[in-house]
Amino acid sequence: MSDEKNQQLDVTPFGPIVSSEHLASSDGWQMSEFEYGLITATNGFNRWMMRCMAAAGFTDFSPLDVLVLHNVNHRKRSKRMNDICFVLHIEDQHTVNYSLKKLVKAALVSREKRGKEIYYSTTEAGRAACEAYREIRERCLVSAFTSLDRGGAEISQAALILRFMSGLYDQAARAASSL
């Protein structure tokens with residue numbers, strides 16, 4: 001291929017990739033483009049969590065089950081279901097309750113009643129499962145990321161934008177609820 005053709009290929013602009021063209025107004029196409037990226041990233045992340053957990057030896061867990069397990073294990077402190085829901089930003093407590101029941105049944109999480117509250121903590125098997133997940137994550141995901149040799153600044157910026165967008169969507173959800 002000639003240099004002229006290579007240059008043309010390098011500068012050929014592609015339009016935005018949107019999941020719902022009918023929602024992409026002239027002022028809001030960037031939001032639709034962001035939402036499509038969020039959809040594909042969410043689905044990829046969910047698939048990753050399930051496959052990583054399966055590689056760690058636990059095949060019957062949903063992405064939410066994996067998130068709940070890691071949250072319960074975080075900082076090695078017991079947590080109430082309300083705390084788990086708050087940190088994971090989940091309104092439907094029954095979904096977290098179901099995950100906790102599955103994790104207790106699998107002996108990865110234990111529950112302890114203190115007064116009127118129930119606290120959850122990881123068992124030795126649960127901590128081992130989290131460690132196996134971490135090792136697989138390091139080998140399959142982190143090593144590929146670090147090979148890009150970018151220092152992580154772009155990922156940190158993306159995380160900041162995602163947290164900002166989460167707040168924007170929450171505010172919009174509250175506004176839509178009042179219509």
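Residue positions within a chain follow its written sequence, with the count starting from 1. The model is predicted, so local features are restricted to residues of pLDDT at least 70 and side-chain atom pairs to those at 80 or more, both for listing and for counting; the totals for chains, interfaces and linings are taken over all residues. Side-chain metrics in this entry use all non-hydrogen atoms of the structure; hydrogen atoms and water are not considered.

**Student:** Just to check I follow, could you spell out the overall build of the chain for this structure?
**Tutor:** Within the chain, the regular secondary structure consists of seven helices and three strands. Ordered by position in the sequence, the α and β elements of the chain form the string α-α-α-β-α-α-β-β-α-α. Its C-alpha atoms give the chain a radius of gyration of 21 Å, more than 25% over the compact-globule value 16 Å for 179 residues. Principal-axis analysis of the C-alpha atoms gives the chain an extent of 70 × 50 × 30 Å. Each residue gets one of three labels from its accessible area relative to the maximum for its type: buried under 20%, exposed over 50%, partly exposed in between, using a 1.4 Å probe on protein chains only. Within the chain, buried positions represent 22% of all 179 residues. Any two residues whose heavy atoms approach within 4.5 Å at even a single point are treated as in contact. At a minimum sequence separation of 6, the contacts of the chain that also span at least 24 residues come to 50%. Shrake-Rupley sampling with a 1.4 Å probe provides the accessible areas, and residues are treated as covered by the protein chains on show and by no other component. Counting only carbon and sulfur atoms, one obtains 56% of the accessible surface of the chain, whose full area is about 12,800 Å². Averaged over its 22 positive side-chain charges, the chain has a centre that lies 13 Å from the centre of its 21 negative ones. Secondary structure elements are taken from DSSP: a helix is a run of H or I of four residues or more, a strand is a run of E of two residues or more, and numbering for both begins at the N terminus. For the radius of gyration, the atoms used are the C-alpha atoms, and the globule rule reads 2.2 Å times the number of residues raised to 0.38. For this count, His and the chain ends are skipped, Lys and Arg are scored as positive, and Asp and Glu as negative. In plain terms, the charge of a residue is placed at NZ if it is Lys, CZ if Arg, CG if Asp and CD if Glu.

**Student:** What exactly am I supposed to notice about the packing of helix α2 (residues 29–55) against helix α3 (residues 63–73) here?
**Tutor:** Between two packed helices, what matters for the description is the angle formed by their axes and the separation of those axes. Here the axes come from fitting lines to C-alpha atoms, over the contacting stretch only for helices, and the angles between their N-to-C directions go from 0 to 180 degrees. The geometry of α2 relative to α3 is characterised by a closest axis approach of 9 Å and an angle of 70 degrees between their N-to-C directions. Considering their axes alone, α2 and α3 lie roughly perpendicular with respect to each other. The residues of α3 that touch α2, namely those facing Phe45, Asn46, Met49, Met50 and Met53, are Pro63, Val66, Leu67 and Leu69. Of the residues that constitute the contact of α2 with α3, the class distribution is eight nonpolar, one polar and no charged. Each angle is binned into one of four classes, with values under 35 degrees roughly parallel, values over 145 roughly antiparallel, values of 65 to 115 roughly perpendicular, and all other values oblique. Each residue is assigned to one of three groups, with Ala, Val, Leu, Ile, Met, Phe, Trp, Tyr, Cys and Pro labelled nonpolar, Asp, Glu, Lys and Arg labelled charged, and all others, Gly among them, labelled polar.

**Student:** Please clarify how the pattern of salt bridges should be interpreted in this entry.
**Tutor:** When charged atoms on two side chains of opposite charge get close, those side chains can pair. Any Lys or Arg side-chain nitrogen located within 4 Å of an Asp or Glu carboxyl oxygen qualifies as a salt bridge. Summed over the entire model, instances satisfying the criterion amount to six salt bridges. The shortest N-O distance in the salt bridge between arginine 114 and glutamate 112 comes to 3.5 Å. When its relative accessible area of 37% is taken as the criterion, arginine 114 is described as partly exposed. Salt bridges here are not isolated pairs; linked through shared partners, they connect Arg80, Asp83 and Glu117.

**Student:** Hey, could you run me through the side chain of asparagine 73 in this one?
**Tutor:** For asparagine 73, the position within the fold is in helix α3. Excluding residues that lie within four positions of it along the chain, asparagine 73 makes contacts with Lys79, Thr122, Arg127 and Cys130.

**Student:** I keep staring at the sheet that holds strand β2 (residues 109–114) and nothing clicks. Help me out?
**Tutor:** Backbone hydrogen bonds hold the strands of a sheet together, and the pairing may be parallel or antiparallel. If you walk across this open sheet you meet the three strands as β1-β3-β2, and the pairing is antiparallel. Of all the strands in the sheet, the pair left with one neighbour each is β1 (79–80) and β2. One ladder, built from six bridges, connects β2 with strand β3 (residues 117–122); its direction is antiparallel. Across the sheet, residue lysine 113 finds its bridge partner in β3, namely isoleucine 118. At least two DSSP bridges between two strands are needed for those strands to be called paired.

**Student:** What is the right way to read the nonpolar core from this model?
**Tutor:** Note that soluble globular proteins tend to have their nonpolar side chains buried in a common cluster. Grouped together as the largest cluster of nonpolar side chains are 24 residues, with contacts concentrated most on Val68, Leu69 and Leu100. No other element matches α3, which puts five residues into this core. Aside from chain neighbours lying at most four places away, what touches valine 68 is Ile84, Leu88, Val96, Ser99, Leu100 and Leu103. Among buried residues, those of type Ala, Val, Leu, Ile, Met, Phe, Trp, Tyr and Cys that are joined through side-chain atoms within 4.5 Å constitute a nonpolar core.

**Student:** What is the right way to read the packing of helix α4 (residues 81–88) against helix α5 (residues 93–105) from this model?
**Tutor:** Direction vectors running N to C along α4 and α5 enclose 115 degrees, while the axes themselves pass 10 Å from each other. The hand of the α4/α5 crossing is right-handed. Contacts from Met81, Asn82, Ile84 and Cys85 of α4 reach α5 at Gln93, Val96, Asn97 and Leu100. In terms of residue class, the contact of α4 with α5 is made up of five nonpolar, three polar and no charged. The sense of a crossing depends on the near helix, which, turned anticlockwise from the far helix by less than a right angle, makes the crossing left-handed and, turned clockwise, makes it right-handed.

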